[in-house]
Amino acid sequence: MSEFNFSVLGIGAWGLTARSWPELQELMAGKPIEDDGSKGPKPALIPANERRRAPLPVRLAVETSAQACAAAKLDPAEVGCVFVSGLGDTALTDYMCTVLASDNKALSPTKFHNSVHNAAAGYWTISTGCTEAANSVAGFDESVSLTLVEALIQAEEEQRPLLMTFYDAPVSAVLQPLLKNPYPFSVSLVIAPESLSPAGSPVWSASVMTEAATWPSANWPGELQDCYQSNPVARVLCILDMLTGGLDSVTMPLSSATAVTVTRVS
Amino acid sequence: MDIRLLDYQSTSAAGVDIGALRQSIDTQTSGLRKNDMPGSDLTTWIGRVPGVEDINLGDWQSRNNALAHLGYQQGTIATHVENLKSSLGSQRLGIVMGSSTSSIDRTEAAYRHLEDGALSLPYRQPLVHNPHAPSLYMAHLTGITGPALTINTACSSSAKVFATGARWLRAGIVDAVLVGGVDTLCLSVLHGFDSLQLVSPNQCRPLDQHRDGINLGEASGFAILVRAGDGYADSGIRLLGYGESSDAHHMSHPHPDGLGARLAMQQALTRAQLRPEQIDYINLHGTSSRANDLIEGQLIGKLFPKSTQVSSTKAWMGHTLGAAGITEALIAVDALQRGVIPGSLNLAELDHELDLSVQADNITRDMHYVLSNSFGFGGNNCCLVFGSVA
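The rules behind each value
- Residues numbered from 1 in each chain as written.
- Chains lettered and ligands numbered in written order.
- Predicted model: local features only at pLDDT ≥ 70, side-chain atom pairs only at ≥ 80, totals over all residues.
- Heavy atoms only, no water.
- Helix = DSSP H or I, 4+ residues; strand = E, 2+ residues; numbered from the N terminus.
- Rg over C-alpha atoms; globule rule 2.2 N^0.38 Å.
- Buried < 20%, exposed > 50% of the residue type's maximum accessible area, 1.4 Å probe, protein only.
- Contact = heavy atoms within 4.5 Å.
- Areas by Shrake-Rupley, 256 points an atom, 1.4 Å probe, with all protein chains shown as cover.
- Lys, Arg positive; Asp, Glu negative; His and termini not counted.
- Charge placed at Lys NZ, Arg CZ, Asp CG, Glu CD.
- Expected span 1.5 Å × (residues − 1).
- Arc of directions from axis to C-beta.
- Salt bridge = Lys/Arg side-chain N within 4 Å of Asp/Glu carboxyl O.
- Buried area = accessible area lost by both parts, 1.4 Å probe.
- pLDDT = per-residue confidence, 0-100.
- Phe/Tyr/Trp six-rings, centres within 6.5 Å; stacked < 30°, edge-to-face > 60°.
- Lys NZ or Arg CZ within 6 Å of the ring centre and 35° of its normal.
- Axes fitted to C-alpha atoms, helices over the stretch in contact; angles between N-to-C directions.
- Parallel < 35°, antiparallel > 145°, perpendicular 65-115°, else oblique.
- Nonpolar A, V, L, I, M, F, W, Y, C, P; charged D, E, K, R; others polar.
- UniProt positions renumbered as here; feature names shortened; annotations may be inferred.
- Pairing = 2+ DSSP bridges.

K.L.:
Hey, could you run me through the overall build of chain A in this one?
P.N.:
The number of helices and strands found in chain A is 10 helices and eight strands. Over its C-alpha trace chain A gives a radius of gyration of 18 Å, about what one expects of a compact globule, namely 18 Å for 266 residues. Considering only C-alpha atoms, chain A reaches an extent of 60 × 40 × 40 Å along its principal axes. Classification of the 266 residues of chain A by burial places 62% in the buried group.

K.L.:
Looking at this model, I keep getting lost on the overall build of chain B. Mind explaining?
P.N.:
A tally of regular secondary structure across chain B gives 11 helices and 15 strands. Against the 2.2 N^0.38 benchmark of 21 Å for 390 residues, chain B shows a C-alpha radius of gyration of 19 Å, consistent with a compact globule. Each principal axis of the C-alpha distribution contributes one length, and for chain B these read about 60 × 50 × 40 Å. Per-residue burial over chain B gives 68% buried out of 390 residues. Once local pairs closer than 6 in sequence are excluded, the contacts in chain B between residues at least 24 apart make up 78%. If you sum the accessible surface of chain B, you get close to 12,100 Å²; carbon and sulfur atoms cover 48% of it. Taken together, the 27 basic and 37 acidic charged side chains of chain B have centroids lying 5 Å from each other.

K.L.:
Please explain helix α6 (residues 157-171) of chain B as it appears in this structure.
P.N.:
Helical geometry: 3.6 residues make up each α-helical turn, so side chains three or four residues apart lie on a common side. Residue and element names in this part refer to chain B. With 15 residues, α6 extends 21 Å between its outermost C-alpha atoms, agreeing within 8% with the 21 Å of an ideal straight helix rising 1.5 Å per residue. Most of α6 sits inside the fold, with 13 of its 15 residues counted as buried. At the exit of α6 stands G172, carrying a positive phi of roughly 85 degrees.

K.L.:
Just checking my understanding: could you explain helix α3 (residues 77-88) of chain B for this structure?
P.N.:
Residue and element names in this part refer to chain B. Its 12 residues place the ends of α3 16 Å apart at the C-alpha level, agreeing with the 16 Å of an ideal helix rising 1.5 Å per residue. Residues I77, V81, L84 and K85 constitute the buried set of α3. Down the axis of α3, the buried set is contained in an arc of 105 degrees. They therefore lie on one face. Away from its buried face, by an angle of more than 90 degrees, α3 presents the exposed residues S86 and S87. Backbone geometry just downstream of α3 places G89 in the positive-phi region, at approximately 95 degrees.

K.L.:
Looking at this structure, how should I read the pattern of salt bridges?
P.N.:
Two side chains of opposite charge can pair, provided their charged atoms sit close to one another. Under the definition given, this model contains 30 salt bridges over all chains. Note that E150 of chain A is salt-bridged to R167 of chain B, the shortest N-O span being 3.3 Å. Residue E150 of chain A is found in helix α7 (residues 143-158), and its partner R167 of chain B is found in helix α6; the two belong to separate chains. Residue classification places E150 of chain A among the buried positions, given a relative accessible area of 1%. The buried category is assigned to R167 of chain B, whose relative accessible area is 1%. A salt bridge links E244 of chain B to K160 of chain B; the shortest N-O distance between them is 3.0 Å. Here E244 of chain B is found in strand β9 (residues 237-246), whereas its partner K160 of chain B is found in helix α6, with 84 residues between them in sequence. Assessed through its relative accessible area of 3%, E244 of chain B is described here as buried. Among the ionic contacts, a cluster of salt bridges with common partners joins R33, D36, R48, E53, R63 and E218 of chain B.

K.L.:
Teacher, can you tell me more about the interface of chain B and chain A here?
P.N.:
Interfaces are frequently sized by the accessible area removed from exposure as the parts join. The interface is formed by 62 residues belonging to chain B together with 58 residues belonging to chain A. Interface of chain B and chain A: buried area, both sides summed, is about 4,700 Å²; carbon and sulfur atoms make up 68% of it. At the boundary of chain B with chain A, the tally comes to four salt bridges. For R271 of chain B, the salt bridge goes to E157 of chain A, with nearest N and O atoms at 3.7 Å.

K.L.:
Can you walk me through the confidence of the model for chain B in this structure?
P.N.:
The predicted structure's coordinates, where accompanied by low pLDDT, should not be read in detail. The predicted model of chain B averages 97 in pLDDT, with 100% of residues at 70 or higher. With pTM at 0.98, the complex prediction returns an ipTM value of 0.98.

K.L.:
Help me out: how do you make sense of the packing of aromatic side chains in this one?
P.N.:
To describe a pair of aromatic rings, one takes the distance between the centres and the angle between the planes. Counted by the stated rule, this structure contains seven aromatic pairs over all chains. On the numbers, 5.6 Å between centres and 40 degrees between planes, the contact of F193 of chain B with F377 of chain B is tilted. With F193 of chain B in helix α7 (residues 187-195) and F377 of chain B in the loop between β14 (369-376) and β15 (380-388), this pair connects stretches of sequence that are 184 residues apart. F377 of chain B shares its class with F193 of chain B; the two are buried. Through a chain of ring-to-ring contacts, three or more aromatic side chains come together here, namely F112 of chain A together with F193 and F377 of chain B. In this structure, R19 of chain A packs its charged tip against the face of W14 of chain A, placed 3.9 Å from the ring centre.

K.L.:
Would you take a moment to explain the environment of Q154 of chain A for this structure?
P.N.:
The residue Q154 of chain A is located in helix α7 in this model. With 73 residues separating them along the chain, Q154 of chain A and C81 of chain A place their C-alpha atoms 9.4 Å apart. With sequence-adjacent residues up to four places away left out, Q154 of chain A is seen in contact with V82, A133, Q159 and L162 of chain A together with R167 of chain B.

K.L.:
Which parts of the structure should I look at to understand the packing of α7 of chain A against α6 of chain B?
P.N.:
A pair of packed helices can be characterised by two numbers: the angle between their axes and the separation between those axes. The interhelical angle for the contact between α7 of chain A and α6 of chain B, taken along N-to-C directions, is 75 degrees, at an axis separation of 10 Å. Of the possible angle classes, the one that applies to α7 of chain A and α6 of chain B is roughly perpendicular. Two secondary-structure elements touch here, α7 of chain A through E150, I153, Q154 and E157 of chain A and α6 of chain B through T164, R167, W168, R170 and A171 of chain B. Broken down by class, the residue content of the contact of α7 of chain A with α6 of chain B amounts to three nonpolar, two polar and four charged.

K.L.:
Help me out: how do you make sense of the UniProt feature "domain: Ketosynthase family 3 (KS3)" (unreviewed entry) in chain B in this one?
P.N.:
Mapped onto the present numbering, the UniProt feature "domain: Ketosynthase family 3 (KS3)" (unreviewed entry) falls at residues 1-388 of chain B. End-to-end, the C-alpha atoms of residues 1-388 of chain B are 13 Å apart, and along that stretch the chain is 31% helix and 21% strand.

K.L.:
I would appreciate a short explanation of the pairing of strand β7 (residues 249-253) of chain A in the present structure.
P.N.:
Remark: a regular strand shows side chains that alternate across the two faces of the sheet. Residue and element names in this part refer to chain A. As paired strands, β7 and strand β8 (residues 259-264) are joined by five bridges and run antiparallel to one another. When the bridges of β8 are listed, V250 appears paired with V262. Linkage of β7 to β8, two consecutive antiparallel strands, is achieved through a turn of five residues.

Structure below.
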C-alpha cells in the first residue's frame, strides 16, 4: 500500500448551471441556480482572438484552472499540471472524420492543431506563460482516480503544488450512443504535499490498494446525478463531497484490481 | 535514479522487431515508401508497417490496436510480462501508454460507413473510440490488472511514459511497468499535417540545408521498467533522468529560442547528475521541418560540446508522432547497447546555420550516456537520459 498525504489549496468549477466552485456547492446541496443560457465559459486568460477559436473543452479547462489557481493564491506560471479528458474533443473528431470521409479532405489547420488531446494543457501553459511540466492524460471511466494518483505522485516527488483539471464536453451526435455524456463539466483542484499544507488546513491521505472497487453510488440532486453517471470526469463529485464534509472517506476504482481510498487525516 | 529496463522492443517501417531495425540501421536502408494509404492522394513518403491490416481483433479492431498487438508479439516482451505476472501478481504491474491518434483511424472508418447518420454495427466500439483506447487494449491483451494510464501530449507522449513509469515505481504503487507507445498512419494525421504545410513530397532530410518538410510514419514500442534493487537480470540499461517542460509559446510552432526544449534537457541532465560533455550521443527530435531542426540544432550547438554526436533517425521510419518518443528512446538505448550510433540518414549538406557533430554514416563507438529529445504540439517537451550499468 502506498500513501500520499496532501491538502487542497484551491478549487474551480464550471458545469450544468454552476459557474464557480461556490455555485457547484449550491447545486450539490440541492439549491437550483438559474440557467444563464451560456453554452460555455469565456476565460479571460485567453486573448479574445484566440478565445473565439478555442474549442469548448479548452475553454472549460482553462476557466476552472484559472479559478483554482486564484483560489490557491498561486501564480499559474509556477505550477505544474495534469489535465484529463475522459472522452476527448468529440466535436472536433466529428468535424475531422466528416471532412475526411468526403471527397475534399482539406482540413482547417487551426481545427487540426486544436484536435490534439493536449490542446487544453497547451492553451493553459501558453496563456499563463507556464514553462513547467504539463501532462495531458486519458483514463476513460477511471479518468478521475488515475489523474488524482498521477498528480499526487508528482506533487510528492517534486515537493510542489500541482494543478489537476478534469474536463469533458458534450459528446457529438454520431458517438453519443456509445459515449453518452451530454453535459459540459469541469473541475480543477490545486493540491500540495503535506509538507506545504497551510497551517490549520485539512490534510487528506490517499492510499493505493490492490483490491477491486466500484464508483460510489450517489443520489445527487437534479441533473447532477445523470451527469455523475454519464460524464467520466464528474466522478470527481465524490471527492468534492468528501472535501466538503459529506463523506468521511471515498474509495474509487483505479483499475480492474486496484483502488484508491482518500480519507481525512487532520 | 534507480530504474532499469528489463527488456525493450520496437516495431516500425524500419523493422518489425529490434533485430530487423538493427539490420536496417547497419545497411542504412530506409523503410519509407511513396504514400500508398488507401483514400489519400497526397504526394509524400510514409513509414507504413506492412501486415498491420491483416490483423483481426474483433471488438477491439483498429489499426492502432493492431499495430500495438503486432509490436507486443515481438521478441521476449510478452514472456517477461507473463513471468512478472506470475511472480508479482497481475495487479502489481502497471501500464503507461503514449499515443496521439489513439484509435482515431477506426473512427475515420466508422464515418465512412455510417448508416443513416449513425454508426453501423461493426463500429459500435466504446472502448476503441476514445483517447484511452491504447491502454484499454494493452490491459486486455496482457492481462495486466494494475493501473493503466494513457498519455496524450502529441509527439512527446511516449517519451513521457518513461517519466510517469519511473515515478510509479519509486512511489511504490506498482512493482513493474510496461511502458509503450503506439501511433498509426491515418487520414487525420496525413491531411492534418498537410493542412499545416509541413509534409514533404520527398524523402525527408533532417538537418539538411535543403530539407523541405516531414514524412509521417507509424510505430509501436514497448519497454519494461523495474527498480534496480529488485534483483532482475535486466538489459543493463538504466533510465537516469528525464526532463518535462512547456514552451508557453504556440500550439503548433516551437519557441524561437527553444526555451522549453532547453529546460527539458537541463532538467534531465540535472536529474541524471551529468554534465553535457558526458553525453556521447543525442537522438534529436529532428523532424526535418525548417523551423524545428534549426531551433533544436542551434540549441544543441550551444549546450553540448563537439564530442557529443547527434543524429535524427526520422528518415528511417518517418515521424511516428505519439510513438516517436519511445521509438527514438529505444534507438538511443540500442545504440548504447551495441556501440553503434545511427547516422542522420539522407543528410547531404548540413544546414548552413548549424554547427554540430552530425553525419549521414553510422559511427562505431563505446558509449556511456545517451539522450533522446521529443517535442510536441502545444509546446510539450520531454528529454530522456539513459546510461549503461558500469
